[in-house]
Amino acid sequence: MKRLHSRHWVFLGLLVVITAAMLLRVPMQLRTSPETQRMFDYLDQLPEGSVILVSFDHEASSLPEIRPIAEALLRHAFERDHKLIGMALLAEGTVIGYRLMEQVAEEYAREYGEDYVYLGFKPQFIAAILSMGESIPATFPEDYLGSPYATLPLAQKVSSYDDVAGVLSITDGSLTTHWIEYGGARYNLRVMAGVTAAMVTTYDPYVSSGQMHAMIGGLRGAAEYEQLIDVGGGGLRGMLAQSTAHLYILLLVIIGNVLYWREKKNKAGKR
Amino acid sequence: MDIGTIIAGVLTLAILTFLYRDNPIYKFAESLLIGVSIGYTLVIVWSTTLMDILFRPLLNAGQLALVVPLVLGLLMFSRFHPRTASLSRLPIAVMIGSGAGVAIPVMLEARTLRQMTATVGPLVSDGTFDFSVLVVLVGVLTTLSYFYFSREHEGFFGRVSKVGTYFLMIFFGTTFGYTVMSRMSTFIGRMEFLLTDFLHITK
């Protein structure tokens, strides 16, 4: 036990707190933020059959946070009978995006080619975004599975950004800014995003300025969205653990400060 | 339990051993993650970039114009020898020139003009005073004054720039809070996987 330092006790405490919260599974009622509500309203009010571009612009390491966000948005889109075109601007997001779309499409009995297609990865994100503004079939001559673009019934209706309602970028980094700057500013493409919590402050100015139409952020955003669509998922399941972990960290901050002030006072007393 | 879940579970636990201290099990899992990520990216880039965009159209469809990017790309490797290194400036010049040409007008529009427009919104709209617009305006002006180094930060100017530092601290605090939240979410996601899929303790 001598080899355990204070940080180990902090980690162990966090492990206990999170495990206990996950075992309890107490349902939580969340207040929906205006940003999440805006995203929900937009997807909900879009006419049935609208085509939405979904770009998986993230790495594999952020999957635990990205997955609930993507699942909630895909579920709502498929439930509203929108048509989805998936793609990825980061290589690692390619197969994750495909599997997520395939899994959610199966839940809602949506058919590949008719209700959704997956175009796969395109390198050089700026060039890819600009090229798609001119012609999506020329940018992606084949889909992820190797079928020619023209043979896919859904893809036949879409030739450029003019034929899509907007792009939904699922990201853990700054790639969505390129959708805003090149797709939005140059081609008037409506940009929405599902982002990890760490990226919320990066994208807030774009939401405030209207350059980004809507955004849901982090596990909390996913949980709010799951509540709105009334389908449970990783967001709501993780919220109790998230809140408990935050309380635990707050407690540690308070304890740390009390110890710091006590030590300072003791030193001052000795002088 | 399928083999994928077992491997993922064992590797997750191997990574978590770092919380105790750096060790060979963690090193192995970390190296495996980096190796697999690079290998996967290389395969994807090879098949979707070099094969789909360059070699197939060039060799199968005879698109001879693609010789230009091929040669420019190969010139990048000239950096490896001191005598030929200067040749690599050519593709770099093309990249920087085209990149800047595409980016400058877009950046000016999206990052500067649109953001400035959003900053100077009307303080009173429909007869109602918008406090948030005032906060944004004061925040931007005081923060900018903090980064103005051509004048000593003292007197009235010093007090204004001091207010700017408070706005900066609020921003850093918010960003740090969100980052902690993000990392916690990642940990919770892995814990859910361990407890549900790997150990079957929860459903």
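Residues numbered from 1 in each chain as written. Chains lettered and ligands numbered in written order. Predicted model: local features only at pLDDT ≥ 70, side-chain atom pairs only at ≥ 80, totals over all residues. Heavy atoms only, no water.

### Observations regarding the environment of Thr 196 of chain B
Applicable threshold: Secondary structure elements are defined from DSSP: runs of H or I of at least 4 residues count as helices, runs of E of at least 2 residues count as strands, and each element is numbered from the N terminus. Each residue's exposure class comes from its accessible area (1.4 Å probe, protein chains only) as a fraction of the maximum for that residue type: buried when under 20%, exposed when over 50%, partly exposed otherwise. Contacts are assigned to residue pairs that have any heavy atoms within 4.5 Å of one another. The definition of a polar contact used here is a pair of N or O atoms within 3.5 Å, where within protein one atom must be able to donate a hydrogen and the other to accept one, and adjacent residues in sequence count solely through side-chain atom pairs.
Structurally, Thr 196 of chain B is set in helix α6 (residues 155–198). Under the relative-accessibility criterion, Thr 196 of chain B is labelled buried at 18%. In this structure, the C-alpha to C-alpha distance between Thr 196 of chain B and Tyr 26 of chain B, residues 170 residues apart in sequence, is 23 Å. Once residues lying within four places of it in the same chain are set aside, the contact partners of Thr 196 of chain B are Arg 25 of chain A together with Thr 202 and Lys 203 of chain B. Of note is the side chain of Thr 196 of chain B, whose polar atom sits 2.9 Å from the side chain of Thr 202 of chain B.

### A short note on the packing of helix α1 (residues 6–24) of chain A against helix α11 (residues 234–270) of chain A
The description of two helices packed together rests on the angle between their axes and the distance between the axes. Residue and element names in this part refer to chain A. For clarity, the threshold we go by: Here, axes are lines fitted to C-alpha atoms. For helices the fit covers the stretch in contact, and angles between N-to-C directions go from 0 to 180 degrees. Here the angle decides the label: under 35 degrees means roughly parallel, over 145 means roughly antiparallel, 65 to 115 means roughly perpendicular, and every other value means oblique. Left-handed is the label given to a crossing in which the near helix is rotated counterclockwise from the far helix by less than a right angle, and right-handed is the label when the rotation is clockwise. Asp, Glu, Lys and Arg are counted as charged, while Ala, Val, Leu, Ile, Met, Phe, Trp, Tyr, Cys and Pro are counted as nonpolar; the rest, among them Gly, fall into the polar class.
Between α1 and α11, whose axes approach to 8 Å, the crossing angle comes to 150°. When the axes of α1 and α11 are compared, the pair comes out roughly antiparallel. Between α1 and α11 the crossing geometry is right-handed. Contacts between α1 and α11 pair Trp 9, Val 10, Gly 13, Leu 14, Val 17, Ile 18, Ala 21, Met 22 and Leu 24 from the former with Leu 240, Ala 241, Thr 244, Ala 245, Tyr 248 and Leu 252 from the latter. Among the residues making up the contact of α1 with α11, the classes are represented as 13 nonpolar, 2 polar and no charged.

### Observations regarding the packing of aromatic side chains
Heads up, the condition is: Aromatic contacts are taken between Phe, Tyr and Trp rings whose centres are within 6.5 Å, Trp giving its six-membered ring; a plane angle under 30 degrees counts as stacked, one over 60 as edge-to-face, and the others as tilted.
For the structure shown, the criterion picks out 18 aromatic pairs over all chains. Relative to Tyr 116 of chain A, the ring of Phe 78 of chain A lies with its centre 5.8 Å away and its plane at 80°, an arrangement referred to as edge-to-face. Of this pair, Phe 78 of chain A sits in helix α3 (residues 63–79) while Tyr 116 of chain A is found in strand β3 (residues 116–121), placing the two residues 38 residues apart along the sequence. By relative accessible area, which is 5% here, Tyr 116 of chain A ends up buried. Taking 6.0 Å as the distance between ring centres and 45° as the angle between the ring planes, the aromatic pair formed by Trp 46 of chain B and Phe 55 of chain B counts as tilted. Judged by relative accessible area, which is 24%, Phe 55 of chain B ranks as partly exposed. An aromatic cluster is built from Phe 56, Tyr 98, Tyr 118 and Tyr 144 of chain A, whose rings are joined through pairwise contacts.

### Some details on the environment of Gln 29 of chain A
Here Gln 29 of chain A lies in the loop between α1 and α2 (34–45). Note: C-alpha distance between Gln 29 of chain A and Leu 130 of chain A (101 residues apart in sequence) is 42 Å.

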